[in-house]
Amino acid sequence: MKNAVAGENKQSSNYKKSSSSYFSEDIDDVIKMRKKRAKTIQKLQNKRSSTVFVLWTLEELKPKDFFTLSDMLEEEKPTSDIDLIVLSHGGNGETGYRIGHTFQGWAQRNNVSFRVIIPQYAMSAATILSLGAHEIVMGLPSEIGPIDPQIPKYDNNRGEWRYIPALAVLDGLKLVSEYIQKIPDMSRFFEEIVRNENLTLTSLGLLERMRETGKQQAEALLIKGMLPEEDQAKETAARLTDYYKYHGHPIDAFEAEEDLKLKIVHCQLDEWQMVKEIRDEFQNFVGKPGIISDMVVTCAIETTSYRSWRYKPLERSREYSRIMIEKTEGIPSSEDYISV
Amino acid sequence: MNKEDEAIKIKEEIESASREYGISHNQSKMAKNISSDELHKLRNLAFRIMQGEIDIDEVGKYGKQYSEELNEMVKELISSSNSSTMKELEAANPYFDVFPSKIIKDNILKGDDE
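Throughout, a residue's number is its position along its own chain's written sequence, starting from 1. Labels are handed out in written order, letters beginning with A for the chains and numbers beginning with 1 for the ligands. It should be noted that, the model being predicted, local features are given only for residues of pLDDT at least 70 and side-chain atom pairs only at 80 or more, the latter also being counted only at that level, while totals for whole chains, interfaces and linings use all residues. Excluded from the side-chain calculation are hydrogens and water; included are all heavy atoms of the structure.

Let us look at the overall build of chain B. Counting its regular elements, chain B contains four helices and one strand. Put simply, DSSP H or I for four residues or longer makes a helix, DSSP E for two residues or longer makes a strand, and each gets a number counted from the N terminus. In sequence order, the secondary structure elements of chain B are arranged as α-α-α-α-β. Under the scheme applied here, a residue whose accessible area is under 20% of the maximum for its type counts as buried, over 50% as exposed, and between as partly exposed, the area being computed with a 1.4 Å probe on protein chains only. Out of the 114 residues in chain B, the part that is buried amounts to 38%. Throughout, a contact is declared for two residues whenever any of their heavy atoms are within 4.5 Å. Intrachain contacts of chain B at a sequence separation of at least 6 include 64% that bridge at least 24 residues.

Written out as structure tokens, the structure is:
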């Protein structure tokens, strides 16, 4: 009967009904956190006279991230400069290229500037994305990385698609073939790897082409953006794809500027403080267990008015928490540094 | 979007994501007395049973209260994510990740009177 009386406020009563469980208390916190992030994003927007987008993902960069961001770009229709704050350890190279190219194109058509802000890391495919910017905004802890295109592969054990680094697979195969030259019996081992990994002639060819594709994508973005001189763009792209031996090599703001000749803005003072506040708030939400019962948000794409989150069950999110812990351990909260 | 609408929206999102992974937030009557930590442990156990790491007979070893919940969880997991046909479909789907995630216009800062 009580429900019938409260009929005029049905949604509200449903919400209140469920708020007796721990589940809805979680949601109140989620809304508070979202509001706090939106306020900080707005503060940075006002400071930089720009429209700020945030792509904060602990998953591999996926085509759906591009489609989500392009939907958001269409909705926001920014006519001021665009700042895209990125945190990503990489993933699908084409996705990085498409995001970078689309934001670059939008900015050029609207005579505004497209800037990528990196509070911590934008590796591999996210580095490709950053090359589409007219300038990259970095602080002392920020890093980009060598371009290491990844290919989608279905993981039977986990029952889901994953992205694996193409160059690492090529390096692994090269290593095994070197062993075969020394110990011919190893060839059986090689056959087993090829069979287990489902590597066909086509996929091996694809791996090699991926390396060249990553280079081409980097060149194309650089020429239309921060390095219009073709020779320099080619040199930078080649260094990013071929020079570094370790794919996780951290390229900081100084190396990016001096060796790669990228247009880097060394962000400091008030603006960097705001970027760090945004970093802290996203770090406290994305990949953090215990905010939403049994689920973890592993990817958040946000502006002040729009949001898109992807959830994973806690059981499947352990590796995302691990990535977050490994990448952020030892990073103090920006509040620790507020001087008196 | 006001706070309650937003809360409902987020709740729906979580429930939909939960269903995708075979987790139900519609806990059984028994589960109301189970803490969220215990629930998490049970869910871990259910995953391991589903993956064949632990024998299905384990379900009966945790007393009535936990066994009922565990049984439900295993059933949900099996029906939603362990179907070989579903796995094959997923593995063969070249469009597995091209659909955009839903974007929500929450306008969270509008009408902010706090």
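That covers the picture; the talk isn't over yet.
Bringing helix α5 (residues 93-109) of chain A into the picture now. Residues and elements named next belong to chain A. Under the 1.5 Å per step criterion, the end-to-end length of α5 is 24 Å for 17 residues, consistent within 8% with the ideal 24 Å. Every buried residue of α5 is listed here: G93, T95, G96, I99, G100, F103, Q104 and A107. Positive backbone phi, approximately 50 degrees, marks N111, located one or two places after α5. By this rule, a helix spans an expected 1.5 Å times one less than how many residues it contains.

Further remarks concern the sheet that holds strand β11 (residues 306-313) of chain A. As summarised here, the arrangement of the eight strands in space is β9(A)-β5(A)-β3(A)-β2(A)-β1(A)-β10(A)-β11(A)-β1(B), forming an open sheet in which the pairing is mixed. Across the chains shown, the open sheet's two edge strands, defined by having one partner strand only, are β9 (264-266) of chain A together with β1 (104-105) of chain B. What counts as an axis is a line fitted to C-alpha atoms, over the stretch in contact for a helix, and the angles between N-to-C directions run from 0 to 180 degrees. Contacting β1 (50-57), β2 (81-87), β3 (114-118), β5 (135-138) and β10 (295-302) of chain A, helix α12 (residues 269-283) of chain A runs over the sheet at an angle of about 40 degrees to β1 of chain A. Its contacts with the sheet place helix α1 (residues 3-20) of chain B against β10 and β11 of chain A together with β1 of chain B, and it is angled at close to 35 degrees to β11 of chain A. In short, DSSP must find at least two bridges between two strands for them to pair.

Right, let's talk about the pairing of β11 of chain A for a bit. Among the eight residues that make up β11 of chain A, eight are buried, leaving the element largely enclosed by the rest of the structure. Neither face of β11 of chain A is left uncovered, since the one carrying Y306, S308, R310 and K312 of chain A and the one carrying R307, W309, Y311 and P313 of chain A both have all their residues buried. Alignment of β10 of chain A against β11 of chain A, held across seven bridges, turns out to be antiparallel. Within β11 of chain A, the position partnered with E302 of chain A by the bridge is R307 of chain A. What sits between β10 of chain A and β11 of chain A in their antiparallel hairpin is a turn of three residues. Here β11 of chain A pairs with β1 of chain B via two bridges, running antiparallel. Note on β1 of chain B: the bridge partner recorded for R307 of chain A is I104 of chain B.

If pLDDT is low for a region, its predicted coordinates should not be looked at in detail. All names here are of chain A. Each residue carries a pLDDT value, the predictor's own confidence for that position, ranging from 0 to 100. When pLDDT is averaged across chain A, the result is 83; 83% of the residues are at 70 or more. Residue range residues 1-22 is modelled with pLDDT below 50. Its contacts to residues more than four positions away, or to other chains, number 21 contacts. Low confidence marks residues 334-340, where pLDDT is under 50. Its contacts with residues over four positions away, or in another chain, come to eight contacts.

All names here are of chain A. Contact geometry of helix α7 (residues 166-182) with helix α8 (residues 187-196) gives a least axis separation of 9 Å together with a crossing angle of 160 degrees. Relative to α8, the element α7 is oriented roughly antiparallel. Considering only the axes of α7 and α8, their crossing is left-handed. The segment α7 lies against α8, with L173, V176 and I180 engaging S187, F190 and I193. Three classes are used: nonpolar for Ala, Val, Leu, Ile, Met, Phe, Trp, Tyr, Cys and Pro, charged for Asp, Glu, Lys and Arg, and polar for all others, with Gly counted as polar. Class assignment of the residues belonging to the contact of α7 with α8 gives a composition of five nonpolar, one polar and no charged. Any angle that is under 35 degrees is reported as roughly parallel, and any over 145 degrees as roughly antiparallel; angles of 65 to 115 degrees are reported as roughly perpendicular and all others as oblique. The handedness criterion is simple: a crossing whose near helix is rotated anticlockwise from the far helix by less than a right angle is left-handed, and one whose near helix is rotated clockwise is right-handed.

To continue, consider the pattern of salt bridges. The working definition used for a salt bridge is a side-chain nitrogen of Lys or Arg within 4 Å of a carboxyl oxygen of Asp or Glu. Under the counting rule described, the total for this entry stands at 21 salt bridges over all chains. With a shortest N-O distance of 4.0 Å, D270 of chain A and K47 of chain A are connected by a salt bridge. Taken together, the positions of D270 of chain A in helix α12 and K47 of chain A in helix α3 (residues 22-48) put the pair 223 residues apart, joining distant regions of the chain. Classification of K47 of chain A by relative accessible area gives partly exposed; the value is 41%. With a shortest N-O distance of 2.8 Å, R307 of chain A and E13 of chain B are connected by a salt bridge. Taken together, the residues R307 of chain A in strand β11 and E13 of chain B in helix α1 connect one chain to another. Each member of the pair, R307 of chain A as well as E13 of chain B, is classed as buried. Residues joined in a network through salt bridges with shared partners are R34, R37, E302 and R307 of chain A together with E6, E13 and D106 of chain B.

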